[in-house]
There are 2 protein chains.
Amino acid sequence: MFSISLQQRSLTDAQRETLHQMWLRCMRRIILSTTLAGSGHPGGSMSSLHLVLMLYCTLEHRPDDPCWPERDRVVVSMGHISPCVYSVLAEFGYTPEDNFILEFRQAGSSYAGHVECCVPGVEWNTGNLGQGLSVGAGMALGLKLRGSRASTFVLMGDGEQQKGQIAEARRFAVKYELNDLCCVIDRNHLQIGGDTDSVMPQEIEAEYAASQWNTIRVGDGHNFDEIFQALRQVRSSEVDDPRYPSVIIAETVMGKGVSFMENKAKYHGSTLKDDEAAAALKELGLDNPLPALRGRRKTLRVFHAPFCPALDHSKIEPGQPKTYAMDVTTDCRSAYGAALEDLARLNNAGEHPRILGFSCDLEGSVKMDAFHRQNPGCFFEGGIQEHNTATLAGAASKEGFVVFFSTFGVFGVSEVYNQQRLNDINHTHLKLVCTHLGLDVGEDGQTHQCIDYIGLVQNLYGFSIFMPADPNQTDRIVRHVASHPGNHFVGMGRSKMGIISDESGKPFFGGDYRFVPGKADWLRRGGHGAILSCGPVVHNALRAREELAARHGIEMSVLNLASIKPLDADAVLEAAGTGFVITAEDHHIDTGLGARVSTVLAEAGAACRMIRLGVRSYGLSGHPEVLYRLEGLDAEGIVKTVLQARSDGRIRG
Amino acid sequence: MFSISLQQRSLTDAQRETLHQMWLRCMRRIILSTTLAGSGHPGGSMSSLHLVLMLYCTLEHRPDDPCWPERDRVVVSMGHISPCVYSVLAEFGYTPEDNFILEFRQAGSSYAGHVECCVPGVEWNTGNLGQGLSVGAGMALGLKLRGSRASTFVLMGDGEQQKGQIAEARRFAVKYELNDLCCVIDRNHLQIGGDTDSVMPQEIEAEYAASQWNTIRVGDGHNFDEIFQALRQVRSSEVDDPRYPSVIIAETVMGKGVSFMENKAKYHGSTLKDDEAAAALKELGLDNPLPALRGRRKTLRVFHAPFCPALDHSKIEPGQPKTYAMDVTTDCRSAYGAALEDLARLNNAGEHPRILGFSCDLEGSVKMDAFHRQNPGCFFEGGIQEHNTATLAGAASKEGFVVFFSTFGVFGVSEVYNQQRLNDINHTHLKLVCTHLGLDVGEDGQTHQCIDYIGLVQNLYGFSIFMPADPNQTDRIVRHVASHPGNHFVGMGRSKMGIISDESGKPFFGGDYRFVPGKADWLRRGGHGAILSCGPVVHNALRAREELAARHGIEMSVLNLASIKPLDADAVLEAAGTGFVITAEDHHIDTGLGARVSTVLAEAGAACRMIRLGVRSYGLSGHPEVLYRLEGLDAEGIVKTVLQARSDGRIRG
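Residues numbered from 1 in each chain as written. Chains lettered and ligands numbered in written order. Predicted model: local features only at pLDDT ≥ 70, side-chain atom pairs only at ≥ 80, totals over all residues. Heavy atoms only, no water.

1. Quick notes on the overall build of chain A
Phase 1 of the analysis: Within chain A one finds 23 helices and 21 strands.
Phase 2 of the analysis: For chain A, the C-alpha radius of gyration of 28 Å lies close to 26 Å, the compact-globule estimate for 653 residues.
Phase 3 of the analysis: Considering only C-alpha atoms, chain A reaches an extent of 95 × 55 × 45 Å along its principal axes.
Phase 4 of the analysis: Counting over 653 residues, chain A shows a buried share of 68%.
Phase 5 of the analysis: Considering only residue pairs separated by 6 or more positions, chain A has 79% of its internal contacts joining residues 24 or more positions apart.
Phase 6 of the analysis: One finds the centroid of the 63 positive side-chain charges in chain A at a distance of 4 Å from the centroid of its 77 negative side-chain charges. (Helix = DSSP H or I, 4+ residues; strand = E, 2+ residues; numbered from the N terminus. Rg over C-alpha atoms; globule rule 2.2 N^0.38 Å. Buried < 20%, exposed > 50% of the residue type's maximum accessible area, 1.4 Å probe, protein only. Contact = heavy atoms within 4.5 Å. Lys, Arg positive; Asp, Glu negative; His and termini not counted. Charge placed at Lys NZ, Arg CZ, Asp CG, Glu CD.)

Given below as structure tokens:
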């Protein structure tokens, strides 16, 4: 494998010649792949090519062992330059050239339009701009915690610098002195809409400097010598403040190397026609195998097998569940905090920690303070910067940590939905524990009442959604998600509550109870109908059940659906067997538990009457009990709904 | 009303004394209201009080006519300092002092925990940090377009400066030279988590300077003279570059004025107990009416009537619908662009425009270019800054404009869901037209395939959701949303398509067809079952219907649900009357049309078999037709599903 040591003072002529030949082969791949696919981003790929090539030449990496733990990381934030990235990866032997050129942008192939990890050497699936620096910061943080000396490089576009999340990531990287993080900006002055200065004027270097980053300019981003010197400067820490990360801003030309493509915004997202590609290849002195390749692409049916990077989940000792006795009144948040502290005690005592915690200026409210005290080096305060923190927490989880990220639901889900979506696409191991959900947040009002988290998170295929009904179930769910791979959302309200009992008066979620995703809990059984609920409203459902039985002779089942996704369809259908189902929840009435139950009932064609109770408009600012009453979600409201259903003849017998 | 002219060189002693008395009365209100409510944010309220008071003294405003069009705007970005804001508004006669003090944070009252527009004088409901500067920029832009000389002030916290959206808003304000915009930062160095420098170090002044803002420091933000001079400097344009906006950074003290509260982070969100409040009032030399007020608050049942600011929607001439003939093949995007151009021609020719357009570096892709050419001064390129643009577009719509914001679905919804949520809470008139939805975006892959927009937007109570089935329906829907108040989402894919015909072969959505929200279109009728669909998949449903009828003797209805929210429940139940319903859509299978139809069926207890077809995992990068085939959403897949249902005995007759 070709490699250039940063110990050298400068490049040799032989190295320059080799680099030029590599560049030519990569240019050929970029032109062929995009023209064959008929779509893709050739201009930006050519703009970045010298930078990416030089970077890989100086990288610590092993193409035959792409997941080697000590490798330097390269995050390509502007994922649309995939033709450049795949070309360079092919050049270094990560992936076969032919497969990439022939398969690019075909369904079933690894070579997607935006870079994806199923091509070896790609560290992170990107595509939506502005998230890459947070990803790199997360990886750099993870490497630092593991004591690794590997560096992290983030390649970004210049138009992309407009995204606000990047400003957040810059600050985090400075706060935690991530000096092994280096950002390389391809400054070609063009974005889809034209000149970056006319689309959105921005002083990129001044912004990085204001954030205390070390800034290094490369006057010609197509001159290998200049790029080499800049990388050398960063790696040898010859920068203003070696504690802080560095940015290399390289002046480049969109479409560099093909005269008629240079500096044309059009080639951001337009490919060359066959005759234009022929002219481009000719100008570069290259052969033109397009006609033959076109025939091969047409008949291609079996794709190169995708690469599956290991998705190791740190082995976590879940510890012994804690049981809160019937006389306890506390909030689920505190039970979460206590469980997390216990998990830290059990798992973070070794040489390197296994569990990390992130919050955004709400450490105390989300009860991460005990964990923080227990493991000061494992807790990260992200500031009021949820976008960066969400992405960064996800990326850190891919470096071998189980990562808990806690904040209010509005900030951890509603504000950063797309960041969580990209985490999910990247198969992270994020434990997103959100507190202060629903009307239960009360007086803080509509902007703070997260009643849409089920509606939002259920769009993320890889996320499970759990909402404990009391502190005991919280403890078990937290231990479960800590010790199981993948992305989990755990939700809870703000208020204190009692402990849910079984019919004998003992804690229902104590003793032998074990949390199993996709399994609902029959808190009570009754033949006249079933109340399906989750979270704090379960307590109201139980009170309603008591009153209906005692005063009206109506025996309702109460089914707790703490596992909202996956949902226990069998239990829902069993509930429907009573002929009458009510869902009661502290969520948007059309997107929460009731909607999920509806899909089960509709698909089964269940002969059952159903009533949904939930939140019907943006909430008021007031005490949670009053807000529940106004929405008919208190015990009295549920009783009233059942009695009305009986008088309407909806209840059997 | 007390007012101080900025023509004065300095304050007079009499003014200083009046200001001090005003301050004392406001301090009293802050202490009483928060202590009575038992929750709220007294510390930050006291920190900002001198700033807010001085601002209102120098404002052009009319408390007895709070919506006076030429008033200066004040946006309070950190909405939690509501006690300060309500206190000052009471001081200036906007609202009765007693009502505020007694009702604060009670359900049903106007005086919510975070400021809301139902209190006269409040311009924008806030609460989630970081959006206020975008709001202010949107208002300043709207005022400028209307030729108003009014200024816009945005009050922000210092912790809040960490939010990335603020960096985006700064750039937009400079690009469009919004020099009547002034930001005032309460720099008290404390946020919930403690010292801002330890939570997230940030050089606030350097960041504003790097964005080319004029920066003015106030060394003591509790000294009325210093604040006055800073405001005077801004208003008289005695700044470095008068083309650009200015920021006043005022050094303040959390809890200022009560010795034991000063500089304590705790008082961000903790209120004083009765004895502490008594001590605070005593220290200030004020009376203590708490015991009497507590009694009155307890028995309070009827709240002060909320103020309802006029929500005028500009009168828009919708023009004549355009009918695309049966031989046309085009994309809905182009039909949108043509309709928008026509609307601009009809409505923007007067002295002031009525329709504005915003995009984020995708003007050409979303077909806003014709509108841009037609009305160069009405189109705003927001850069790759979707968060700022979404909020700003919403705020501009409250200044008397109908605002179209167009980008890809992933960027207009998934990335900025919470910004749209706050727009909705603020009753904006946003026409969010998103293109490139679904698998139909094809090769750009999973990060770009917006299959969750129904799942997301349906959480927003005020938004309708429309998805036209062809260019003719697009034209009518666009004209409808332009001429009707409120927030509308209109979605479309990327690909070209044919024109949908009626059974006689004429354009179904031509002639007399008029789009009515909540009314579905029976494209075809058949007794064996019904295919419910929307958007591009409708074309596949129609093809499947033809094949089933011609080759298998199965007569299926095809129901187009272009109005997804509100949904035509009657039509859905009529479809269910056939006994067999399939939903087919280019959306997440669990959160799209199928889920919405399920709630209708479940609630009605409809005796009907239902099958949902939709997207079951993050999509691949490939041609849309291939992706549809893989998900069984092409005509062949729908036929196969119906035939399977018949062989399972699910189809009657």
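Picking up where we left off.
2. Focus on the relation of the copies chain A and chain B
Phase 1 of the analysis: Between chain A and chain B, the superposition needs a rotation of 180 degrees and an axial shift of 0.0 Å, giving an RMSD of 0.0 Å. Interpreted geometrically, this transformation is the action of a two-fold axis. Of the C-alpha atoms belonging to chain A, the one lying closest to the rotation axis is found on Gly164(A), 1.9 Å away.
Phase 2 of the analysis: In this assembly, 100% of the residues forming the interface of chain A have copies in chain B that are likewise at the interface, indicating an isologous arrangement. (Least-squares fit on C-alpha atoms with pLDDT ≥ 70 in both.)

3. Examining the sheet that holds strand S19 (residues 609-615) of chain B
All names here are of chain B.
Phase 1 of the analysis: Here we have 5 strands laid out as an open sheet, ordered S14-S16-S15-S18-S19, and mixed in their pairing. For this open sheet the edge positions go to strand S14 (521-524) and S19, each flanked by a neighbour on one side alone. Strand-to-strand twist in this sheet, taken as the mean axis angle between neighbours without regard to direction, amounts to 25 degrees.
Phase 2 of the analysis: Both strand S15 (residues 529-533) and strand S18 (residues 580-588) contribute to a ladder of 4 bridges, which runs parallel. (Pairing = 2+ DSSP bridges. Axes fitted to C-alpha atoms, helices over the stretch in contact; angles between N-to-C directions.)

4. Some words on the environment of Ile227(B)
Residues and elements named next belong to chain B.
Phase 1 of the analysis: With respect to the helices, strands and loops of the structure, Ile227 is situated in helix H9 (residues 224-235).
Phase 2 of the analysis: Residues Ile227 and Met54, 173 residues apart in the sequence, show an inter-C-alpha distance of 7.0 Å.
Phase 3 of the analysis: Beyond its immediate stretch of four places on either side in the chain, Ile227 contacts His50, Leu51, Met54, Val218 and Gly221.

5. Examining the side chain of Thr583(A)
Phase 1 of the analysis: For Thr583(A), the position within the fold is in strand S20 (residues 580-588).
Phase 2 of the analysis: Apart from residues no more than four positions distant in its own chain, Thr583(A) is found in contact with Leu532(A), Gly594(A), Val597(A), Met610(A), Ile611(A), Arg612(A) and Leu613(A).

6. Some details on the nonpolar core
Phase 1 of the analysis: Phe358(A), Phe404(A), Phe358(B) and Phe404(B) are the most contacted members of the largest nonpolar core, which has 292 residues in total.
Phase 2 of the analysis: The next biggest cluster of nonpolar side chains, apart from the first, holds 74 residues, and it includes Val85(B), Tyr86(B), Ala277(B) and Leu286(B). (Core = buried A, V, L, I, M, F, W, Y, C linked by side-chain atoms within 4.5 Å.)

7. Some remarks on the domain arrangement of chain A
Residues and elements named next belong to chain A.
Phase 1 of the analysis: For chain A, the domain assignment lists domain 1 (14-299), domain 2 (330-497) and domain 3 (521-647).
Phase 2 of the analysis: Each side of the interface is counted separately: domain 1 has 24 residues, and domain 2 has 30 residues.
Phase 3 of the analysis: Of the roughly 2200 Å² buried where domain 1 meets domain 2, counting both sides, 57% is carbon and sulfur surface.
Phase 4 of the analysis: At the boundary of domain 1 with domain 2, the tally comes to 2 salt bridges.
Phase 5 of the analysis: Note that Arg146 and Glu399 form a salt bridge whose closest N and O atoms lie 3.3 Å from each other.
Phase 6 of the analysis: Between the two partners, domain 1 and domain 2, sit 15 residue pairs in polar contact (both at pLDDT 80 or more). (Domains from an automatic or database assignment. Buried area = accessible area lost by both parts, 1.4 Å probe. Salt bridge = Lys/Arg side-chain N within 4 Å of Asp/Glu carboxyl O. Polar contact = N/O pair within 3.5 Å; in protein donor to acceptor, adjacent residues only side chain to side chain.)

8. Quick word on the interface of chain A and chain B
Phase 1 of the analysis: Counting residues at the interface gives 102 residues for chain A and 102 residues for chain B.
Phase 2 of the analysis: For the pair chain A and chain B, the two sides together bury roughly 8100 Å², of which 52% comes from carbon and sulfur.
Phase 3 of the analysis: Of all residues in chain A, the largest losses of buried area upon contact with chain B belong to Arg171(A), Tyr461(A) and Tyr618(A), amounting jointly to 10% of the total for that side.
Phase 4 of the analysis: The tally of links between chain A and chain B comes to 10 salt bridges.
Phase 5 of the analysis: Where Lys163(A) meets Glu386(B), a salt bridge forms, and the shortest distance between an N and an O atom there is 2.7 Å.
Phase 6 of the analysis: Our count for the chain A to chain B interface comes out at 57 residue pairs in polar contact (both at pLDDT 80 or more).

9. Quick word on the UniProt feature "domain: Transketolase-like pyrimidine-binding" (unreviewed entry) in chain A
Phase 1 of the analysis: Sequence positions flagged by UniProt for "domain: Transketolase-like pyrimidine-binding" (unreviewed entry) are, in local numbering, residues 330-499 of chain A.
Phase 2 of the analysis: The distance separating the terminal C-alpha atoms of residues 330-499 of chain A is 8 Å; by composition the span is 39% helix and 19% strand. (UniProt positions renumbered as here; feature names shortened; annotations may be inferred.)

10. Here we look at the pattern of salt bridges
Two side chains that carry opposite charge are able to pair once their charged atoms sit near each other.
Phase 1 of the analysis: Throughout the structure, instances matching the rule amount to 72 salt bridges over all chains.
Phase 2 of the analysis: Residues Arg28(B) and Glu97(B) are paired through a salt bridge, measuring 3.8 Å at the closest nitrogen-oxygen approach. Note that Arg28(B) is positioned in helix H1 (residues 13-37) and Glu97(B) in helix H4 (residues 97-103), a separation of 69 residues in sequence.
Phase 3 of the analysis: By relative accessible area, which is 17% here, Arg28(B) ends up buried.
Phase 4 of the analysis: Looking at Glu97(B), the relative accessible area reads 25%, which means it is partly exposed.
Phase 5 of the analysis: Residue Arg525(B) pairs with Glu574(B) through a salt bridge whose shortest N-O separation is 2.6 Å. Here Arg525(B), found in the loop between S14 and S15, pairs with Glu574(B), found in helix H20 (residues 569-576); they are 49 residues apart in sequence, far enough to count as distant.
Phase 6 of the analysis: One salt-bridge network, held together by shared partners, links Arg25(A), Arg28(A), Arg29(A), Glu91(A), Glu97(A) and Asp287(A).

11. Some words on the packing of aromatic side chains
Phase 1 of the analysis: This model, assessed by the stated rule, comprises 36 aromatic pairs over all chains.
Phase 2 of the analysis: Here Tyr336(A) and Phe404(A) contribute two aromatic rings whose centre-to-centre distance is 6.2 Å and whose plane-to-plane angle is 35 degrees, an arrangement assigned as tilted. Separated by 68 residues along the polypeptide, Tyr336(A) in helix H12 (residues 332-347) and Phe404(A) in strand S11 (residues 402-408) bring together distant segments of the chain.
Phase 3 of the analysis: Feature note: the residues Tyr86(A), Phe100(A), Phe104(A) and Tyr111(A) constitute an aromatic cluster, connected by ring pairs.
Phase 4 of the analysis: Residue placement shows Arg170(A) over the ring face of Tyr208(A); its charged tip is 4.4 Å from the ring centre.
Phase 5 of the analysis: Sitting above the plane of the Trp522(B) ring, Arg525(B) keeps its charged end 4.1 Å from the centroid. (Phe/Tyr/Trp six-rings, centres within 6.5 Å; stacked < 30°, edge-to-face > 60°. Lys NZ or Arg CZ within 6 Å of the ring centre and 35° of its normal.)

12. Brief notes about the state of the cysteines
Residues and elements named next belong to chain A.
Phase 1 of the analysis: Here the structure, examined in full by the defined rule, presents 0 disulfides over all chains.
Phase 2 of the analysis: Of all cysteine sulfurs in the structure, the one in Cys450 sits closest to Cys434, which takes part in no disulfide; the separation is 7.1 Å.
Phase 3 of the analysis: We classify Cys434 as buried; its relative accessible area is 0%. (Disulfide = S-S within 2.5 Å.)

13. Things to note about the packing of H1(B) against helix H11 (residues 290-299) of chain B
Residues and elements named next belong to chain B.
Phase 1 of the analysis: The interhelical angle for the contact between H1 and H11, taken along N-to-C directions, is 50 degrees, at an axis separation of 11 Å. Here H1 lies oblique to H11, going by the angle between them. Of the two possible hands of crossing, H1 and H11 adopt the one that is right-handed. Here Leu32, Thr35, Leu36 and Ala37 of H1 lie close against H11, whose contacting residues are Leu290, Leu293, Arg294 and Arg297. (Parallel < 35°, antiparallel > 145°, perpendicular 65-115°, else oblique. Left-handed = near helix turned anticlockwise from the far one by under 90°.)

14. Notes on the packing of helix H5 (residues 132-145) of chain A against helix H14 (residues 386-397) of chain A
Residue and element names in this part refer to chain A.
Phase 1 of the analysis: Packing of H5 against H14 leaves a shortest axis separation of 7 Å and a crossing angle of 45 degrees. Between H5 and H14, the angle is such that the two are oblique. Pair H5 / H14 crosses with right-handed handedness. Across the interface between the two elements, Ser134, Val135, Ala137, Gly138, Met139 and Leu141 from H5 touch Asn388, Thr391, Leu392, Ala395 and Ala396 from H14.
Phase 2 of the analysis: Classifying every residue of the contact of H5 with H14 gives 7 nonpolar, 4 polar and no charged. (Nonpolar A, V, L, I, M, F, W, Y, C, P; charged D, E, K, R; others polar.)

15. With respect to helix H2 (residues 42-58) of chain B
Residue and element names in this part refer to chain B.
Phase 1 of the analysis: With 17 residues, H2 extends 24 Å from end C-alpha to end C-alpha; this agrees with the ideal 24 Å at 1.5 Å per step.
Phase 2 of the analysis: Its maximal kink placed at Ser48, H2 deviates by approximately 45 degrees.
Phase 3 of the analysis: In terms of burial, H2 is a largely internal element, 17 of the 17 residues being buried. (Expected span 1.5 Å × (residues − 1). Bend = angle between axes of the 7 residues up to and from the residue.)

16. A few points about unusual backbone geometry
Phase 1 of the analysis: In the segment running from Lys565(A) into Pro566(A), the intervening peptide bond is cis, with an omega of 5 degrees.
Phase 2 of the analysis: Tracing the sequence through the fold places Pro566(A) in the loop between strand S19 (563-565) and helix H20 (569-576).
Phase 3 of the analysis: Of note, the phi angle at Glu177(A) is positive, near 50 degrees, even though the residue is not glycine.
Phase 4 of the analysis: Position of Glu177(A) among the secondary structure elements: in the loop between helix H6 (164-175) and strand S3 (181-187).
Phase 5 of the analysis: For Gln212(B), which is not glycine, the phi torsion reads 75 degrees and is therefore positive.
Phase 6 of the analysis: In this fold, Gln212(B) is placed in the loop between helix H8 (204-210) and strand S6 (214-218).

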